Amino acid sequence: MAMRAAILRHIRLPARAQTLAGPRSREWSLLGSSASRSMSSHGDDHLTKEEVAERVLAVVKSFPKVDPATVSPDVHFQNDLGLDSLDNVEIVMALEEEFKLEIPDLEADKIDSCRLAIEYIYNHPMAG
């Protein structure tokens, strides 16, 4: 007990006034009354569909084998732009780099148009 008393004499903790209604009537918050924490891994900065479309079109337009004037949201990589499957893979890889995400191979194989790329990326929770 002597040790406990000696330690407690040296520890100074600020005391807060408690209401007479008791602790149940008071809201407890570690972050304060105005602070809140988002449980999302990327916060509230999810991209709008327009932002995604703009960036997807910019990536496709910058591809060396593509005429930028022919690129639109509805363009198909092989049918409209004349790209082959390897070009398709390179565009998907460029999209992964642009949006800082990884697209699984099974999903990447399905992305063969700007429209599908826009939809996939817009619906991806980690796209940034």
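What counts as what
Residues numbered from 1 in each chain as written. Predicted model: local features only at pLDDT ≥ 70, side-chain atom pairs only at ≥ 80, totals over all residues. Heavy atoms only, no water. Helix = DSSP H or I, 4+ residues; strand = E, 2+ residues; numbered from the N terminus. Buried < 20%, exposed > 50% of the residue type's maximum accessible area, 1.4 Å probe, protein only. Contact = heavy atoms within 4.5 Å. Areas by Shrake-Rupley, 256 points an atom, 1.4 Å probe, with all protein chains shown as cover. Expected span 1.5 Å × (residues − 1). Core = buried A, V, L, I, M, F, W, Y, C linked by side-chain atoms within 4.5 Å. Polar contact = N/O pair within 3.5 Å; in protein donor to acceptor, adjacent residues only side chain to side chain. Patch = residues over 30% accessible without salt bridge, like charges linked within 9 Å, V, L, I, M, F, W, Y side chains within 5 Å. Salt bridge = Lys/Arg side-chain N within 4 Å of Asp/Glu carboxyl O.

(A) Quick look at the overall build of the chain. Across its full length, the chain carries five helices and zero strands. Ordered by position from N to C terminus, the α and β elements of the chain give α-α-α-α-α. For the chain, with 128 residues in total, the buried portion stands at 27%. The long-range fraction of contacts in the chain, counting pairs at least 24 apart against all pairs at least 6 apart in sequence, stands at 55%. Taken as a whole, the chain presents about 9,800 Å² of accessible surface, with 55% of it coming from carbon and sulfur.

(B) Representation of helix α2 (residues 49–61). Here α2 spans 18 Å end to end across 13 residues, near enough to the 18 Å set by a 1.5 Å rise per residue. Those residues of α2 hidden inside the fold are in contact with α3 (85–99) and α5 (114–123).

(C) Seen up close, the nonpolar core. Counting 28 residues, the largest nonpolar core has V56, V60, F77, L95, F99 and I121 as the members making the most contacts within it. For this core, the secondary-structure elements that each account for two or more residues are α2, α3 and α5. Among the elements that make up this core, the one with the highest residue count is α2 (six residues). Residues in contact with F77, not counting those within four places in the same chain, are V60, G82, L83, N88, I91, I111, D112, S113 and C114.

(D) Structural context of the side chain of S113. Counting through the fold element by element, S113 comes out in the loop between α4 (105–108) and α5. For S113, a relative accessible area of 9% corresponds to the buried category. One polar contact links the side chain of S113 to the main-chain amide nitrogen of L116, over a distance of 3.2 Å. In contact with S113, not counting residues within four places along its chain, are V75, H76 and F77.

(E) Looking closely at a nonpolar patch on the surface. On the surface, L86, V89 and M93 cluster together into a nonpolar patch covering about 290 Å² of accessible area. Assignment of secondary structure puts M93 in helix α3.

(F) Looking closely at the pattern of salt bridges. Evaluated as defined, the whole model comprises five salt bridges. For the salt bridge of D87 with K65, the shortest nitrogen-to-oxygen distance reads 3.1 Å. One end of the pair, D87, is in helix α3; the other, K65, is in the loop between α2 and α3, and 22 residues separate them in sequence. Note on D87: relative accessible area 4%, which makes it buried. You can call K65 exposed: its relative accessible area is 55%. D74 is paired through a salt bridge with R115; the nearest N and O atoms lie 2.6 Å apart. Residue D74 is found in the loop between α2 and α3, and its partner R115 is found in helix α5; the two are separated by 41 residues along the sequence. Relative accessible area serves as the criterion here: at 55%, D74 is assigned to the exposed category.

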